[in-house]
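The chain contents come next:
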Amino acid sequence: MAHKPHKETGIFINEVSSHQRRYHKVLELTHSTTKAAGVMLLGAIIALVVANTAAHGAFTEFWHTEVSFGFGATHAEMSLAHIINDVLMAIFFLLVGLEIKYEMTVGELTDVRQAILPVAAAIGGVLMPVGIYLLFNASNPETVMGWGVPTATDIAFALGILALLGSRVPAGLRVFLSTLAVADDIVAILVIAVFYGQSPSLMWLAAAAVVLVALVALNRTHVYSLVPYLLVGAVLWYCIFMSGVHSTIAGVLLAFAIPSRSHVKLKSFASWSGQRVKEAEESYVPDEPVIGQTDYLASVTRLARVSRQVVPPATRLERRLYPWVYFAILPLFALTNADVAFMQVPAGDILSSPIFLGVFFGLVIGKPAGIMLMSFIIVKTKLSTLPENVNWSHMLGAALLGGVGFTMSIFVANLAFADAAYVMVAKVAILAASLVAGVLGFTFLFFQAKAATRRGQRFEMELPSVNNRQSHAAHEAERRYKRECIQDENE
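Calculation rules
Residues numbered from 1 in each chain as written. Predicted model: local features only at pLDDT ≥ 70, side-chain atom pairs only at ≥ 80, totals over all residues. Heavy atoms only, no water. Helix = DSSP H or I, 4+ residues; strand = E, 2+ residues; numbered from the N terminus. Contact = heavy atoms within 4.5 Å. Areas by Shrake-Rupley, 256 points an atom, 1.4 Å probe, with all protein chains shown as cover. Axes fitted to C-alpha atoms, helices over the stretch in contact; angles between N-to-C directions. Parallel < 35°, antiparallel > 145°, perpendicular 65-115°, else oblique. Left-handed = near helix turned anticlockwise from the far one by under 90°. Nonpolar A, V, L, I, M, F, W, Y, C, P; charged D, E, K, R; others polar. Polar contact = N/O pair within 3.5 Å; in protein donor to acceptor, adjacent residues only side chain to side chain. Salt bridge = Lys/Arg side-chain N within 4 Å of Asp/Glu carboxyl O. Buried < 20%, exposed > 50% of the residue type's maximum accessible area, 1.4 Å probe, protein only. Phe/Tyr/Trp six-rings, centres within 6.5 Å; stacked < 30°, edge-to-face > 60°.

Explain the overall build of the protein chain here, please?
From N to C terminus, the protein chain includes 19 helices and two strands. Residue pairs in contact within the protein chain that sit at least 24 positions apart in sequence constitute 79% of those at least 6 positions apart. Per element, the accessible surface of the protein chain, about 24300 Å² overall, is 66% carbon and sulfur.

Dropping the structure here:
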């Protein structure tokens with residue numbers, strides 16, 4: 001059952017109460033899917049504007065600045081752009097892996113009957129765009145490898161757009177779209193690993209396998225500290241980077257090795273913590289400075305130390321990574337990869353390119369068509385049912401949002417094409433398709449919501465605990481719901 005969020009009211013001294021309020025506002029801001037999508041969009045717009053001005057040369061030169069790493073006689077260099085695409089994006093894939101692991105452990109992917117609809121829809125949403133892309137490019141050996149570009153859905157943008165509608169759409173629709181996007185990510189990760197690497201070095205792949213075994217051994221021997229996993233994970237990244245397989249896959253493999261269980265006996269923790277609280281109450285001396293209360297500090301220190309360990313390592317890492325990934329890494333990725341200098345190329349040449357046609361129509365038409373076709377087959381064969389309060393019109397709106405590719409599509413485009421001109425055309429198609437799909441999906445669902453409002457139907461979203469990262473979009477939607485209710489009363 002969902003909980004109401006709670007703030008630590010009355011615990012902190014009055015002098016810092018304003019600091020705590022600001023902290024909670026920052027926490028809510030940095031865990032908002034809508035704000036995250038907005039920051040990413042801002043990064044893309046800045047890159048797009050700069051790319052079509054006289055500053056483009058200096059902008060590109062800056063991102064290709066070489067950064068040196070050295071220790072003794074060992075020396076290596078990597079450009080800023082490669083650091084973002086190969087190192088920081090591995091952290092993004094680590095977060096994606098943690099989200100996938102969550103869904104497979106306690107989320108929508110644990111129940112086969114519930115999972116089959118979004119998973120099948122995701123498969124349809126991959127196969128149909130591939131077919132459409134190949135219609136335009138199958139006969140061209142230089143462009144055929146771009147088939148993976150229109151297969152991915154950008155989870156941040158798609159859910160950010162859906163969150164704008166708040167309680168006007170059923171909660172089940174968000175669950176469907178988020179699970180579909182997670183399944184989509186799994187397919188995209190497999191596609192990148194299998195089809196978009198260089199000829200792999202067997203020696204480095206063997207080294208990566210040994211490191212992966214070491215990570216699994218850490219898990220099996222019940223090591224719950226994050227530090228060993230992150231250190232060994234860095235070695236895994238290096239081995240995969242040197243192997244020729246794209247290094248971001250290391251993030252996903254690391255995520256699956258990190259424990260998702262607590263090593264504290266949860267049944268015993270409640271009574272044990274109650275005893276520590278009682279000890280603290282008994283040893284507390286109101287008139288004595290806290291720094292001198294040895295017994296009191298010992299009790300609360302033990303309680304704090306064990307309480308931190310109740311939270312599973314995977315959950316701790318996910319909470320720490322989320323704001324950095326969505327408010328720093330992905331905006332930086334957008335800033336470095338959305339710099340499309342389309343003004344230098346005749347529009348007709350871009351719009352008539354088979355790459356543009358395959359990617360654009362793959363995302364705008366192929367994605368929703370594949371999602372809807374597979375969903376229809378699954379429901380009509382009674383393998384699964386539509387989510388609660390969700391109808392086929394809602395499904396079509398979510399399917400349209402599935403065409404918002406952006407992050408993963410741009411990432412695959414960089415890997416698929418060696419020719420910079422082909423990458424540029426693919427990026428124009430991705431940006432155009434994502435804009436069209438986002439606007440169409442939002443508009444369609446908005447008018448569906450208006451019709452539901454006229455019928456007196458509203459989908460109030462329950463508010464899970466604020467401590468769960470995945471609850472913040474629901475939190476945002478519930479606040480919007482309350483504002484909508486006030487507006488309706490005033491009208």
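For this particular structure, what's the right way to read the packing of helix α9 (residues 226-243) against helix α10 (residues 249-257)?
For any two helices packed against each other, the geometry is given by the interaxial angle and the distance between the axes. The contact between α9 and α10 brings their axes to 9 Å, and the two run at 150°. What the angle tells us is that α9 and α10 run roughly antiparallel. Both α9 and α10 take part in a crossing whose hand is right-handed. Contact residues: Tyr-229, Leu-230, Gly-233, Leu-236, Trp-237 and Ile-240 in α9; Ala-250, Leu-253, Leu-254 and Ala-257 in α10. Residue composition of the contact of α9 with α10, by class: nine nonpolar, one polar and no charged.

What is the right way to look at unusual backbone geometry in this model?
As a rule of thumb, non-glycine residues mostly have phi less than zero, and peptide bonds are mostly trans rather than cis. The phi angle at His-222 is positive, at roughly 60°, despite the residue not being glycine. Within the secondary structure, His-222 sits in the loop between α8 (202-220) and α9.

What's the story with the side chain of Ser-409 in this structure? I'm lost.
Tracing the chain through its elements places Ser-409 in helix α17 (residues 407-416). Within the structure, the side chain of Ser-409 is placed 2.9 Å from the backbone oxygen of Val-149, a separation counted as a polar contact. If sequence neighbours within four positions are ignored, Ser-409 has contacts with Val-149, Ala-152, Leu-363 and Ile-430.

Could you clarify how one ought to interpret the pattern of salt bridges in this entry?
Side-chain pairing between opposite charges can occur once the charged atoms of the two side chains come close. Applying the stated criterion across every chain yields a total of two salt bridges. In this structure, Lys-367 engages Asp-184 in a salt bridge whose closest nitrogen and oxygen atoms are separated by 3.0 Å. Placement of Lys-367 in helix α15 (residues 354-380) and of Asp-184 in helix α7 (residues 171-195) is noted, with a sequence separation of 183 residues between them. With its nearest N and O atoms 2.6 Å apart, the salt bridge here joins Arg-276 to Glu-279. Within this pair, Arg-276 and its partner Glu-279 are both found in helix α11 (residues 266-283), separated by three residues, close to a single helical turn. Overall, the relative accessible area of 6% leaves Arg-276 in the buried class.

What exactly am I supposed to notice about the packing of aromatic side chains here?
Pairs of aromatic rings are described using the distance from one ring centre to the other and the angle between the two planes. Tallied over the entire structure, the rule returns 20 aromatic pairs. Taking the centre distance of 6.3 Å and the plane angle of 25° together, the rings of Phe-269 and Trp-272 count as stacked. On the criterion of helical spacing, the pair formed by Phe-269 and Trp-272 is a turn pair, its members being three residues apart in helix α11. Assessed through its relative accessible area of 19%, Phe-269 is described here as buried. Grouped by ring-pair contacts, the aromatic residues Phe-92, Phe-93, Phe-333 and Phe-411 constitute a single cluster.

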